[in-house]
Amino acid sequence: MSKKVNLGILGACGMVGSTMLQVLRERDLPIGELYLFDVAAAAGKTFDYKGKTITVEESTLDIFDRDIDVCLFAVDSPISQKYAPIAAEKGCVVIDNSSAFRMTDGIPLVVPEVNGDDIFTNNGIIANPNCNTIQAMVALFPLHKAFNIKRVIYSTYQSVAGAGVAGIADLQRTIKGEAPQCFPYPIAGNVIPRIDTVGENGYTGEETKMIEETKKILHAPDMKVTATTVRVPVEIGHSETINITFEKPYELDEVVKILENAPGIVVQNDAKNEVYPTPLKIAGTDEVYVGRIRRDFSAENSLNIWVVADNVRKGAATNAVQIAERLVRG
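A short tour of the structure in this document, coming up. (Residues numbered from 1 in each chain as written. Predicted model: local features only at pLDDT ≥ 70, side-chain atom pairs only at ≥ 80, totals over all residues. Heavy atoms only, no water.)

Looking now at helix H6 (residues 205-217). Over its 13 residues, H6 runs 18 Å from end to end, which matches the ideal 18 Å to within 8%, given 1.5 Å per residue. The complete set of buried residues in H6 reads Gly205, Glu206, Glu207, Met210, Ile211, Glu213, Thr214, Lys215 and Ile217. Buried residues in H6 make contact with helix H3 (112-115), helix H4 (131-147), strand S8 (149-158), strand S9 (224-231) and strand S10 (238-246). A positive phi of about 55 degrees marks His219, the residue just after H6. (Helix = DSSP H or I, 4+ residues; strand = E, 2+ residues; numbered from the N terminus. Expected span 1.5 Å × (residues − 1). Buried < 20%, exposed > 50% of the residue type's maximum accessible area, 1.4 Å probe, protein only. Contact = heavy atoms within 4.5 Å.)

The next point concerns the sheet that holds strand S13 (residues 302-309). A sheet is described by the order of its strands in space; here 6 strands give the open sequence S9-S8-S10-S13-S12-S11, paired in mixed fashion. What marks the edges here is a single partner per strand, and that holds for S9 and strand S11 (265-267). Here the strands of the sheet are splayed against their neighbours by 25 degrees on average, with no regard to which way each runs. (Pairing = 2+ DSSP bridges. Axes fitted to C-alpha atoms, helices over the stretch in contact; angles between N-to-C directions.)

In the sheet, strand S2 (residues 31-38) pairs with strand S4 (residues 52-58) via 3 bridges, with the strands oriented parallel. Paired with Asp38 across the two strands is Glu58, which belongs to S4. Two elements, strand S3 (residues 46-49) and S4, share 4 bridges in a ladder whose sense is antiparallel. Bridge pairing in S4 places Tyr49 opposite Lys52. In textbook terms, the turn of a hairpin is the stretch between consecutive antiparallel strands, and for S3 and S4 this stretch comprises 2 residues, one of which, Lys50, has a positive phi near 50 degrees.

With that settled, consider the nonpolar core. Formed by 59 residues in total, the largest nonpolar core has its most connected members in Tyr154 and Ile305. Per element, the largest residue contribution to this core is 9 residues, and it comes from H4. Aside from chain neighbours lying at most four places away, what touches Ile305 is Ala139, Leu140, Glu240, Thr241, Ile242, Ile244, Val290, Gly291, Arg292 and Ile293. (Core = buried A, V, L, I, M, F, W, Y, C linked by side-chain atoms within 4.5 Å.)

Here Ser77 is to be found in helix H2 (residues 77-89). When its relative accessible area of 19% is taken as the criterion, Ser77 is described as buried. Sequence-distant contacts of Ser77, that is, excluding residues within four places in its chain, are made with Ser98, Ser99 and Ala100.

For the rest of this paragraph, the subject is the pattern of salt bridges. Going through the model one piece at a time under the given rule, you end up with 14 salt bridges. Here Asp286 makes a salt bridge to Arg27, at a shortest N to O gap of 3.9 Å. Separated by 259 residues along the polypeptide, Asp286 in the loop between helix H8 (279-282) and strand S12 (288-296) and Arg27 in the loop between helix H1 (15-26) and S2 bring together distant segments of the chain. Asp286 gets classed as buried once you look at its relative accessible area, which sits at 18%. Assessed through its relative accessible area of 24%, Arg27 is described here as partly exposed. Salt-bridge contacts for Asp286 lead to Arg313; the nearest nitrogen and oxygen are separated by 2.7 Å. Taken as a pair, Asp286 in the loop between H8 and S12 and Arg313 in helix H9 (residues 313-329) lie far apart in primary sequence, 27 residues in all. (Salt bridge = Lys/Arg side-chain N within 4 Å of Asp/Glu carboxyl O.)

Turning to the packing of aromatic side chains, a few remarks are in order. Per the stated rule, a full pass over the model turns up 7 aromatic pairs. Taking 6.4 Å as the distance between ring centres and 55 degrees as the angle between the ring planes, the aromatic pair formed by Phe37 and Phe64 counts as tilted. Here the residue Phe37 occupies a position in strand S2, and Phe64 occupies one in the loop between S4 and strand S5 (70-73), the gap between them amounting to 27 residues. Each member of the pair, Phe37 as well as Phe64, carries the same accessibility label: buried. A ring pair is formed by Phe64 and Phe73, whose centres lie 6.2 Å apart and whose planes are at 20 degrees; its orientation type is stacked. Given a relative accessible area of 2%, Phe64 falls into the buried group. Ring-pair connections join several aromatic residues into one group, and the members of that group are Tyr35, Phe37, Phe64 and Phe73. Above the ring of Tyr250, the side-chain terminus of Arg295 is found at 4.1 Å from the ring centroid. (Phe/Tyr/Trp six-rings, centres within 6.5 Å; stacked < 30°, edge-to-face > 60°. Lys NZ or Arg CZ within 6 Å of the ring centre and 35° of its normal.)

Two elements in contact, H1 and H9, have axes whose closest approach is 9 Å; the angle formed by their N-to-C orientations is 55 degrees. What the angle tells us is that H1 and H9 run oblique. Between H1 and H9 lies a crossing whose hand is right-handed. Seen from H1, the contacting residues are Val16, Thr19, Met20, Gln22, Val23, Leu24 and Glu26; seen from H9, they are Arg313, Ala316, Ala317, Thr318, Ala320 and Val321. Within the contact of H1 with H9, the residues separate by chemical class into 8 nonpolar, 3 polar and 2 charged. (Parallel < 35°, antiparallel > 145°, perpendicular 65-115°, else oblique. Left-handed = near helix turned anticlockwise from the far one by under 90°. Nonpolar A, V, L, I, M, F, W, Y, C, P; charged D, E, K, R; others polar.)

Below, the structure is given as structure tokens:
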């Protein structure tokens, strides 16, 4: 691909799309032309991009007739399913943040710090993983390389931003004692142990995503993975407790050192002195933060870690931009 890339954002006015634009402003991806697309009601809105005024255009089926090399999709699955094949057919590589193509055979599901080489197996569409999965993969991959993970147990504490602008509004609404409109119960002062629809097996869609995406990204189809995902009254930032069982024995100091030296990770691991990541503290950053690193004494070769990341940035927008950077630079 050329050194300068013509890049588009589909869904540019939403929470993730506008954050993609912000991340692009902060980074040095060599962009030639930048195109912003959204629904008709948003057309005409303008954004500043490094001194240029970019006007949002209405999303129509012919927008990919022009020369767009890469397009970041920040739209719901039905829109991705409609537009992505058209874009790919016309030579544009789509980096899709929806769940539409994540588990589709032949479409890479990528966290650049983990399986960045999979980017180059694309046939025009690359899937951005679920926000929870992204931060978990950044933390788990270096440990998997060292000790070979047999089993993972996820418990998540997910911010309302995971439900978009409507989720944040519901937190603010229910803080004031008003009735919820996004979640089934008031989220203020509460936790809700269901995210997405519930399947026949009792697992929610969010839990199934984490389970299946973990296996695909790590190329570990036989790995044992389970998850419980919970919505909490936090505006931005997802937190996870991850219980890991390795095939190989480990030393705790070695685990800490591996994580400290892994790309994209910041270790904050001194609980006695109140040093550990919290979503409020890390909001607005792109790293994955790991703390509360401790041996699980109840099972052989097992470990507990606490993982926190900004779900709108690293969990969505930044990961997509990182994929674009790797794609452009090879």
